[in-house]
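Chain by chain, the residues:
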Amino acid sequence: MKGRVLIIAGSDSGGGAGIQADIKTVTMLDAFAATAITALTAQNTEGVHGVLPIDPAFIRQQMEVVLDDIGADAIKTGMLHDTAVIETVAAVLAERAPTIPLVLDPVMVAKGGAPLIRADAIDALKTVLAPRAAVLTPNLPEAEILCGRTIGDVGGMREAARALLALGCRAVLLKGGHLDGDTIHDVLATESGFTEWTSPRIDSRHTHGTGCTLASAIAAGLAQGMAVAASIERARDYVLRAIASAPGLGRGHGPLDHAHPLWSR
């Protein structure tokens, strides 16, 4: 059931999020992961301690050589830290991958609170990349920034998801993990309406990389020819199981168990 996923994102030296989580996820879902790294981070479960941006010209080169040789069936973006990077990624996608579905994870803040995108780059994300996205996957704080409103309940999630569709993306998966309560609500908005999922909240501090993992799992599904809703359903199940069996590493927000399909087999 192979599919090729090009992941354009930052590296997490702690292995819980970013490119490391992306590669693990895509691989465990029986797809092939290629990468273009946008930034190096010195990071562990307690936070981001340093960021080394990659020159946009080298990000372009990484993307071009992969697309020209290996190709891609889906593309996933994560940490795109400034306007120059966003514009470079958008330009390469327009030139080399205009019809390949894009899963856009609008990474803005690390789990520990460190900003991962410049404030002046958010407009570029909305105007340059969002219209290209097959699926936009914000969490609640990211959605509040993108649509300029506070989201306090599931009804507000639906309204915000519908508003984000106006950016031009074909689907918005708004993740509700930041809402209070024992139940997690996720809302998918498309032009044809809403699809919603619920699941019991897992009481755990080991949730570092859940957003990266979910977006990459969705991209793997799209690369394998699955429909958006089916890709999301499989991705949610993968993430929930990964949280439930997290290895408990580190003093802060620990990583998931990306390899859980090995144990369940």
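Our structure is the block above this text.
Rules of the game
Residues numbered from 1 in each chain as written. Predicted model: local features only at pLDDT ≥ 70, side-chain atom pairs only at ≥ 80, totals over all residues. Heavy atoms only, no water. Helix = DSSP H or I, 4+ residues; strand = E, 2+ residues; numbered from the N terminus. Rg over C-alpha atoms; globule rule 2.2 N^0.38 Å. Contact = heavy atoms within 4.5 Å. Lys, Arg positive; Asp, Glu negative; His and termini not counted. Charge placed at Lys NZ, Arg CZ, Asp CG, Glu CD. Core = buried A, V, L, I, M, F, W, Y, C linked by side-chain atoms within 4.5 Å. Buried < 20%, exposed > 50% of the residue type's maximum accessible area, 1.4 Å probe, protein only. Axes fitted to C-alpha atoms, helices over the stretch in contact; angles between N-to-C directions. Parallel < 35°, antiparallel > 145°, perpendicular 65-115°, else oblique. Left-handed = near helix turned anticlockwise from the far one by under 90°.

Caption draft 1: Representation of the overall build of the protein chain in the model. Helix and strand counts for the protein chain stand at nine helices and nine strands. Here the C-alpha atoms of the protein chain give a radius of gyration of 17 Å, agreeing with the 18 Å that 2.2 N^0.38 yields for 265 residues. Each of the three principal axes of the protein chain carries a C-alpha extent, and together these read 45 × 40 × 40 Å. Counting contacts in the protein chain only where the partners sit at least 6 residues apart, residues at least 24 apart contribute 68% of the total. Taken together, the 22 basic and 28 acidic charged side chains of the protein chain have centroids lying 3 Å from each other.

Caption draft 2: Inspection of the environment of Pro-200 at higher detail. Among the structural elements, Pro-200 can be located in strand E9 (residues 193-200). Spatially, the C-alpha atom of Pro-200 lies 9.2 Å from that of Gly-181, the residues being 19 residues apart in sequence.

Caption draft 3: Spotlight on the nonpolar core. Ranked by size, the top nonpolar core spans 49 residues in total, and within it Ile-75, Val-89 and Leu-129 carry the most contacts. Leave out the neighbours within four places in its chain, and Leu-129 touches Leu-80, Ile-86, Val-89, Ala-90, Leu-93, Leu-102, Leu-104 and Ala-124. Formed by 32 residues, the second largest nonpolar core is a distinct cluster that contains Met-28, Ile-218, Ala-219 and Ala-220.

Caption draft 4: Quick peek at the packing of helix H2 (residues 56-69) against helix H3 (residues 83-96). It is the contact of H2 with H3, at a shortest axis distance of 9 Å, that shows an interaxial angle of 25°. Taken together, the axis directions place H2 and H3 in an arrangement best described as roughly parallel. Of the two possible hands of crossing, H2 and H3 adopt the one that is right-handed. Note on element contacts: H3 touches H2 through Ala-84, Val-85, Thr-88, Val-89, Ala-91, Val-92, Leu-93, Glu-95 and Arg-96, opposite Pro-56, Ile-59, Arg-60, Met-63, Glu-64, Leu-67 and Asp-68.

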